[in-house]
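Spelled out, the chains give:
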Amino acid sequence: MDQAQLRHSLESTIPPPMLPLLHRIGGEGERRGIPVYLVGGVVRDLLMNALEREKSGSVSLPHGREEVVLNSPVVSRVPPAWDADLDLVTEGDAVAFARELAPLLSAAVKAHDRFGTATLTFPEGSHIDLTTARRESYSRPGALPVVELGASLEEDLFRRDFTLNAMAVRLGEPFGELIDPFGGRMDLRNGALRVLHPHSFIDDPTRIMRGARFEARFGFRMEPETRHLALEAVRDGRLETVTQDRLRRELMLGLEESSPWACAERWEDLGILRSLHPELRTEEDRLRRIADVLRWFASLRQKETPDRTLLYLTALLSPLPPPVAQEVCVEKLGLPPPKTERLVRCLEQGPNLAEAAPALDPPALTKRLKSEKLEVILYAAALDPSAWESLGAYFQVYRHTKLGFTGNDLLAQGYRPGPEFGAALEATLDEKLRGRLKTRRKEWEYLLAKLEEQGVTPSG
Ligand code: CTP
């Protein structure tokens, strides 16, 4: 693929206004002697899309001189590049460069001088992050890195997690050139995750969880040496050097993937689940059933949005007794107390509810569910699909069912307000929920009969 073809493919891939912007930024960098590169997951995803197209026979990935193919109308497992914010690295001061670019591009700039980073925000809301190329070192395993600015692109790429995330696309001249010092493209072709150096997982053990997440998302595997390093790091308790927040964040990211069960399976394989609790195993079916239930609930078109990740976390921890799951949430993950409470309630009440729901009559079901957390109801549904019918009826019918009148109508008929009102109205609603009062007139007659049973009659 020559430059003209490459240009063409870029133009057919990245929609306006991103492509001209990248050109412009590359050109401005060129004029100032600041090389600018596109980096990060976007480069990986673009290449992966191109590879998929190549597999389907429509385009070939270049072999000799590395030029990236950015011409993939995306029909694949990775998201289109332009859905993501774009990350750029500069060899030179990114903050000063971003400040100069902002007025030229009608963008707002937010800079963090100390970190050598700046974000450009464009009028339509998209962002581009610019970062000064950096070296990183770790004061102790698992800590956040100590950053040293002013590095080369290659050094910046070397600090990253896996070879397939350590590639860059040049935005200066020649625009679109792939820079791949560590063989990321080859690993990508082979579906292999490879760390850049043997200390990678010790420096940052969250990378083991990221690795598992990429394995699950792309159907890739860690190459043998990387897998060995990951297993060794987990066995040596390296994950315990990571803060609760970082561990939780990684776990949640995995559960937000489109196939969280695949992630959980990789976590189990790498010993990550065991490091959370020795008894923890993947319940693949249960995780999959959460997905079924979420689809089912979406089809009911209700106004509430369930906490999907919390449901998956509940299913993940469900092999543990509820008090032990609670301990994992608090001690290992630092899950906020309201979420922990909800998760434990799912585990404790979900099985009862799943068992009880199909046998409850509509009024009893409505009373039981009205005061219940949505996630508990959905978790119960995941445990037993035979409960779907009654739970669905609650969401779609029962909870919206109302009488055709209120206490005020009774007052208007000369009844004196009293405690019997509430009970009679409730009994009438229950009867309506049982489907025995088909008309407003029948409801009214039933209500009056209930009041009369209690000796309440209109005065005057
Ligand atoms: N990175 C890393 N080590 C980490 C986290 C991130 O080396 N613990 C690097 C990777 O090179 C990654 C980049 O920082 O590509 C950006 O990180 P992030 O946005 O979290 O990841 P993406 O690769 O974009 O992944 P995703 O598709 O999940 O957003």
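Residues numbered from 1 in each chain as written. Predicted model: local features only at pLDDT ≥ 70, side-chain atom pairs only at ≥ 80, totals over all residues.

Trainee: Looking at this structure, I do not really get the overall build of the protein chain. What am I missing?
Mentor: Scanning the protein chain from terminus to terminus reveals 22 helices and eleven strands. Taken against the 2.2 N^0.38 rule, which gives 23 Å for 460 residues, the C-alpha radius of gyration of the protein chain at 30 Å runs more than 25% over that of a compact globule. Overall size of the protein chain, expressed as C-alpha extent along the three principal axes, is 95 × 50 × 45 Å. Going through the 460 residues of the protein chain one by one, you find that 39% of them count as buried. Counted over contacts in the protein chain with a minimum sequence separation of 6, partners at least 24 positions apart contribute 66%. (Helix = DSSP H or I, 4+ residues; strand = E, 2+ residues; numbered from the N terminus. Rg over C-alpha atoms; globule rule 2.2 N^0.38 Å. Buried ≥ 20, exposed ≤ 12 C-beta atoms within 10 Å, placed from the backbone. Contact = placed C-beta atoms within 7 Å.)

Trainee: Can you help me understand the sheet that holds strand β8 (residues 168-170) in this one?
Mentor: What holds strands together in a sheet is hydrogen bonding between their backbones, with the strands either parallel or antiparallel. Judged by pairing direction, the sheet is mixed, and its seven strands sit side by side in the order β3-β4-β5-β2-β1-β8-β9 without closing on themselves. The open sheet is flanked by β3 (108-112) and β9 (178-179), the only strands paired with a single partner. Here three bridges tie strand β1 (residues 36-39) to β8, and the two strands are oriented antiparallel to one another. Bridge assignment links V39 to a residue of β8, and that residue is A168. Docked against the sheet, helix α3 (residues 41-55) engages β1, β2 (86-90) and β8, running at close to 65° with respect to β1. (Pairing = 2+ DSSP bridges. Axes fitted to C-alpha atoms, helices over the stretch in contact; angles between N-to-C directions.)

Trainee: What am I meant to see in helix α4 (residues 94-104) here?
Mentor: It helps to recall that an α-helix has 3.6 residues per turn; residues three or four apart then point in one direction. Among the residues of α4, those classed as buried are A94, V95, F97, A98 and L101. Along the long axis of α4, the arc covered by the buried residues comes to 150°, so they all point the same way. The secondary structure elements touched by the buried residues of α4 are α2 (18-32), β2, β3, β4 (117-121) and β5 (127-132). Just past α4, the residue S106 takes up positive phi, approximately 50°. (Arc of directions from axis to C-beta.)

Trainee: I would appreciate a short explanation of the site of the ligand in the present structure.
Mentor: Around the ligand, the structure places G40, G41, R160, D161, N165, D204, T206, R207 and R210. No other element matches the three residues that helix α8 (residues 206-218) contributes to the shell around the ligand. Here the shell around the ligand spans two domains, and each of domain 1 (3-189) and domain 2 (200-276) adds at least three residues to it. (Near = placed C-beta within 6 Å. Domains from an automatic or database assignment.)

Trainee: Looking at this structure, I do not really get the domain arrangement of the protein chain. What am I missing?
Mentor: The parts lose accessible area when they come together, and the size of an interface is often stated as this lost area. Looking at the protein chain, the domain boundaries give domain 1 (3-189), domain 2 (200-276), domain 3 (311-400) and domain 4 (407-453). Look at where the C-alpha atoms of domain 2 and domain 4 centre, and you get two points 60 Å apart.

Trainee: How should I be thinking about the pairing of β5 in this particular structure?
Mentor: Side-chain direction in a regular strand flips from residue to residue, so the side chains alternate between the two faces of the sheet. Both β2 and β5 contribute to a ladder of five bridges, which runs parallel. Residue pairing in the sheet places L86 in a bridge with I128 of β5. Inspection of the sheet shows β4 paired to β5 by five bridges, in the antiparallel sense. When the sheet's bridge partners are listed, T119 is paired in β5 with D129. Counting the residues in the hairpin turn of β4 and β5 gives five residues, including G125, whose phi is positive at 105°.

Trainee: I keep staring at the environment of Y398 and nothing clicks. Help me out?
Mentor: Summarising the element assignment, Y398 is placed in the loop between α19 (388-396) and α20 (407-412). Put simply, Y398 and L144 are 254 residues apart on the chain and 52 Å apart in space, counted from C-alpha to C-alpha. Apart from the residues lying within four places of it in its own chain, the contact partners of Y398 are P362, L365, T366, A393 and L433.

Trainee: Sorry, what's going on with the environment of L300 here?
Mentor: One can find L300 in the loop between α13 (284-299) and α14 (308-317). Taking the number of C-beta atoms within 10 Å as the measure of exposure, L300 has 12 and is therefore exposed. Here the alpha-carbon distance between L300 and D87, two residues 213 residues apart in the chain, equals 39 Å. Here L300 is in contact with G392, F395 and Q396, once residues within four sequence places are set aside.

Trainee: Looking at this model, I keep getting lost on the nonpolar core. Mind explaining?
Mentor: Here is a general trend for soluble globular proteins: nonpolar side chains tend to be buried in one another's company. Within the largest apolar cluster, 108 residues are counted, with the highest numbers of intra-cluster contacts made by Y37, L38, L88, A168, I272 and A380. No other element matches the eight residues that helix α18 (residues 374-383) contributes to this core. Among the nonpolar cores identified, the runner-up in size contains five residues, and L410, F421, A424 and L451 belong to it. (Core = buried A, V, L, I, M, F, W, Y, C linked by C-beta atoms within 7 Å.)

Trainee: It is not clear to me how unusual backbone geometry should be interpreted in this structure. Could you clarify?
Mentor: Note on backbone geometry: most residues besides glycine have negative phi, and most peptide bonds are trans. In this chain, E173 is followed by P174 through a cis amide linkage whose omega measures -5°. Positive phi outside glycine occurs at S106, with the angle close to 50°. Among the secondary structure elements, S106 is positioned in the loop between α4 and β3. Among the residues examined, S106 registers 9 C-beta atoms within 10 Å and is labelled exposed. At R301, a residue that is not glycine, the phi angle is positive and equals roughly 50°. Topologically, R301 is positioned in the loop between α13 and α14.

Trainee: Please clarify how the packing of α14 against helix α16 (residues 337-356) should be interpreted in this entry.
Mentor: The packing of two helices is summarised by the inter-axis angle and the distance between the axes. The geometry of α14 relative to α16 is characterised by a closest axis approach of 10 Å and an angle of 55° between their N-to-C directions. Taken together, the axes of α14 and α16 lie oblique to each other. Handedness of the α14/α16 crossing: right-handed. Along its contact with α14, which presents L310, L313 and T314, the element α16 presents K339, R342, L343, C346 and L347. For the contact of α14 with α16, a count of residues per class yields five nonpolar, one polar and two charged. (Parallel < 35°, antiparallel > 145°, perpendicular 65-115°, else oblique. Left-handed = near helix turned anticlockwise from the far one by under 90°. Nonpolar A, V, L, I, M, F, W, Y, C, P; charged D, E, K, R; others polar.)

Trainee: Please explain the pairing of β3 as it appears in this structure.
Mentor: Where β3 lies against β4, five bridges are found, and the strand directions are antiparallel. Bridging from a neighbouring strand, V109 pairs with L120 of β4.

Trainee: How should I be thinking about the environment of A357 in this particular structure?
Mentor: Assignment of secondary structure puts A357 in the loop between α16 and α17 (362-370). You can call A357 buried: it has 23 C-beta atoms within 10 Å. Sequence-wise, A357 and D384 are 27 residues apart; in three dimensions their C-alpha atoms are separated by 9.8 Å. Apart from the residues within four sequence positions on either side, A357 is in contact with L365, A380, A387, S390 and L391.

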